[in-house]
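Spelled out from the first residue to the last, the chains are:
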Amino acid sequence: NDEIRSKDEALYRRKKTIGSTCQIFYEKDPFMVSQASMQYLYDENGKKYLDCISNVQHVGHCHPKVVAAISKQLATSTCNVRFVSHKLTDCAEEILKTLPGLDTVLFCNSGSEANDLALRLARDYTQHKDAIVVDHAYHGHVTTTMEMSPYKFDHGSSLRQPEWVHVAPIFDVYRGKYRLANEDLNNPEKLEKAGQVYADMVKDVIEKAEQNGRKIAAFFTEALQSCGGQILPPPGYLKLVAEYVRSHGGLMVIDEVQTGFGRVGSKYWAHQLSEDDFIPDIVTMGKPMGNGFPVSAVVTTKKIADRLGGSVGYFNTYGGNPVACSAALSVMNVIKEENLLDHSQKMGELFHEQLNELKKNHDCIGDIRGVGLFWGIDLVKDRETREPDQELALQLILKLRKERSILLNADGPHTNILKIKPPLCFNADDVKNTVTALDETLKEMNK
Ligand code: PMP
């Protein structure tokens, strides 16, 4: 029983039995979860923390309706997709309602698997081999997706950028190749221009690849780059890139593993945020889909899906099992019943307002970026040079945990961006408490 065994014992045994490279939050003083409920986590002493980290437990830790749906199906059958079940098709139909223009679902178990399958679909359909990804992207931990993740290149492992992967500059108007002045970061005209400039950079990448005899099967991106620093594509970017990629015979793959299921408020998917009529060729999803139960999917069109695999087809032992589908179905039901898109949108407006105020009072905040319940606070040493302040991010994370019982993490290529991505049941008081805690802590630190 975890409750009556000490954290020291868990850490000691972990060290002996688990790979030392397995990542862990709060490395110097890891957090042990004794219990979890909605937007709260409890440590080994039963102390309660507000959780701003767990985007996977999307509708709330241990949400009773999701737990009930999983338990009921677990006691009924766990058989794989080679047996017919209504749960599979119920789930597929529910997903497709949110993605007009797409009509076919293939189930997997993780975001990495979904992206790997998306690449295979694109290759089989286009008969091309290569992929374009944007700089700092992360698309998963299996070998192909690691090779498509510049976020993981050049860290001293055997991993190198292979010749079939091309990297386009990240569409970042704050720290990317084409930047806007501080006062223009929200200027619609300047942003539109940036959309064009960054899309043209993708066109250059395609043309250069073709000059070298390479052919693009797919362009992969998130519609709000998450691990890579909480970057929203400027308006028009996705549609322009889609035009360029498709005109060269490639497909548009949108990775919604972090950003889907209403995380961004108002819309189910991040790619629907600014461009209603933009329809990707393939969408991948995972993380929040099962509220913690492993399930993921690739959604596309019949014409693309039917070309997969020649005569070997697709089979995945656990992908689309009825327990996973029950979990996903109940998550989508809870989103509807609890009006979570609307809620996420409203909480996003509160964050926007309150984080803007926070930024006015603290020079160490260079930029705030986000939407819905997905925010990044970009910490800098200097607002003009925008030099990232990784050390401050780390100090804040530790202080918030210790002094305010708030769990927060940092991300981005410089690990200087505080990430706020709590379960969607996070409420207006939680928004206020989090921003107030940041404000008071920064004041105490004279920042
Ligand atoms: N794509 C994105 C954007 C992700 O953030 C992640 C996980 N952080 C993945 C894919 C991989 O998902 P998983 O860890 O479930 O394999």
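Because the structure is predicted, anything quoted here is derived from the model rather than measured.

So what's going on with helix H4 (residues 111–126)? Which residues, and what values?
Residues separated by three or four positions in an α-helix point in the same direction, a consequence of the helix having 3.6 residues per turn. The terminal C-alpha atoms of H4 lie 22 Å apart, and with 16 residues this matches the ideal 22 Å at 1.5 Å per residue to within 8%. Burial within H4 is extensive, with 13 of its 16 residues counted as buried.

Would you mind going over the environment of Lys129 in detail, with residue names and values included?
Looking at the element boundaries, Lys129 is found in the loop between H4 and strand S5 (130–134). Look at Lys129 and you get partly exposed, because 15 C-beta atoms sit within 10 Å. As a C-alpha pair, Lys129 and Val165 span 36 residues in sequence and 9.2 Å in three-dimensional space. Discounting residues that sit within four places of it in the chain, Lys129 has contacts with Arg123, Trp164, Lys215 and Ala217.

Which residues make up the site of the ligand, and what are the values?
Near the ligand you find 16 residues, and of these Ser110, Gly111, Ser112, Gly140 and Val257 are the closest. The element best represented in the shell around the ligand is H4, accounting for three residues. Looking at side-chain class alone, the shell around the ligand contains three nonpolar, ten polar and three charged residues.

Pulling in residues and values, what's your account of the pairing of strand S3 (residues 48–51)?
Pairing between strand S2 (residues 40–42) and S3: three bridges, direction antiparallel. Paired with Tyr42 across the two strands is Lys48, which belongs to S3. Of the strand pairs in this sheet, S3 and strand S13 (residues 406–407) are connected by two bridges, and their pairing is parallel. Bridge pairing in S13 places Leu50 opposite Ile406.

Can you lay out the sheet that holds S2 for me, pointing to particular residues and giving the numbers?
Strand order in the open sheet formed by four strands is S1-S2-S3-S13, with mixed pairing between adjacent strands. In this open sheet, the two edge strands, each paired with only one partner strand, are strand S1 (35–37) and S13.

Give me the lowdown on the sheet that holds strand S12 (residues 374–379), citing residues and values where you can.
Judged by pairing direction, the sheet is antiparallel, and its four strands sit side by side in the order S11-S12-S15-S14 without closing on themselves. On the outer flanks of this sheet lie strand S11 (365–371) and strand S14 (409–411), each paired with one strand and no other. Across this sheet, the average inter-strand angle for adjacent strands is 30 degrees, counted without regard to direction. On top of the sheet, helix H11 (residues 390–404) reaches S12, S14 and strand S15 (417–420); it is set at about 160 degrees to S14, its chief contact.

Let's hear about the pairing of S15: which residues, and what values?
Every regular strand shows the same layout, with side chains that alternate between the two sheet faces. Burial along S15 is two-sided: Ile417 and Lys419 and Leu418 and Ile420, pointing in opposite directions, are all buried. Of the pairings in the sheet, the one linking S12 to S15 comprises four bridges and is antiparallel in character. Of the residues in S15, the one forming a bridge with Asp378 is Ile417. As defined by bridge partners, S14 adjoins S15 across three bridges and the pair is classed as antiparallel. When the sheet's bridge partners are listed, Asp411 is paired in S15 with Ile417. Counting the residues that bridge the hairpin from S14 to S15 gives five residues, and of these Gly412 lies at a positive phi of roughly 95 degrees.

Before we move on, could you go through the environment of Lys302 and cite the residues and values that matter?
For Lys302, the position within the fold is in helix H8 (residues 302–305). The class for Lys302 is exposed, based on 10 C-beta atoms found within 10 Å. Separated by 198 residues in the primary sequence, Lys302 and Thr104 place their C-alpha atoms 5.7 Å from one another. If we skip the residues at most four places from it in the chain, Lys302 touches Asp103 and Thr104.

How would you summarise unusual backbone geometry if you had to cite specific residues and measurements?
A positive phi angle, close to 55 degrees, is found at Asn291, a residue other than glycine. Relative to the assigned elements, Asn291 resides in the loop between strand S9 (282–285) and strand S10 (296–300).

Describe the confidence of the model for the protein chain, with residues and values.
On average, the protein chain scores 96 in pLDDT, and the residues at 70 or more come to 99%. Predicted as a complex, the structure gets a pTM of 0.97 and an ipTM equal to 0.99.

Would you mind going over the packing of helix H10 (residues 340–361) against helix H12 (residues 428–444) in detail, with residue names and values included?
At their nearest, the axes of H10 and H12 sit 10 Å apart, and the two run at 15 degrees to each other. Relative to H12, the element H10 is oriented roughly parallel. Considering the relative orientation of H10 and H12, their crossing is right-handed. For the pair H10 and H12, contact is made by Met347, Leu350, Phe351, Gln354, Leu355, Leu358 and Asn361 and by Ala428, Val431, Val435, Leu438 and Asp439, respectively.

Analysis parameters
- Residues numbered from 1 in each chain as written.
- Predicted model: local features only at pLDDT ≥ 70, side-chain atom pairs only at ≥ 80, totals over all residues.
- Helix = DSSP H or I, 4+ residues; strand = E, 2+ residues; numbered from the N terminus.
- Expected span 1.5 Å × (residues − 1).
- Buried ≥ 20, exposed ≤ 12 C-beta atoms within 10 Å, placed from the backbone.
- Contact = placed C-beta atoms within 7 Å.
- Near = placed C-beta within 6 Å.
- Nonpolar A, V, L, I, M, F, W, Y, C, P; charged D, E, K, R; others polar.
- Pairing = 2+ DSSP bridges.
- Axes fitted to C-alpha atoms, helices over the stretch in contact; angles between N-to-C directions.
- pLDDT = per-residue confidence, 0-100.
- Parallel < 35°, antiparallel > 145°, perpendicular 65-115°, else oblique.
- Left-handed = near helix turned anticlockwise from the far one by under 90°.

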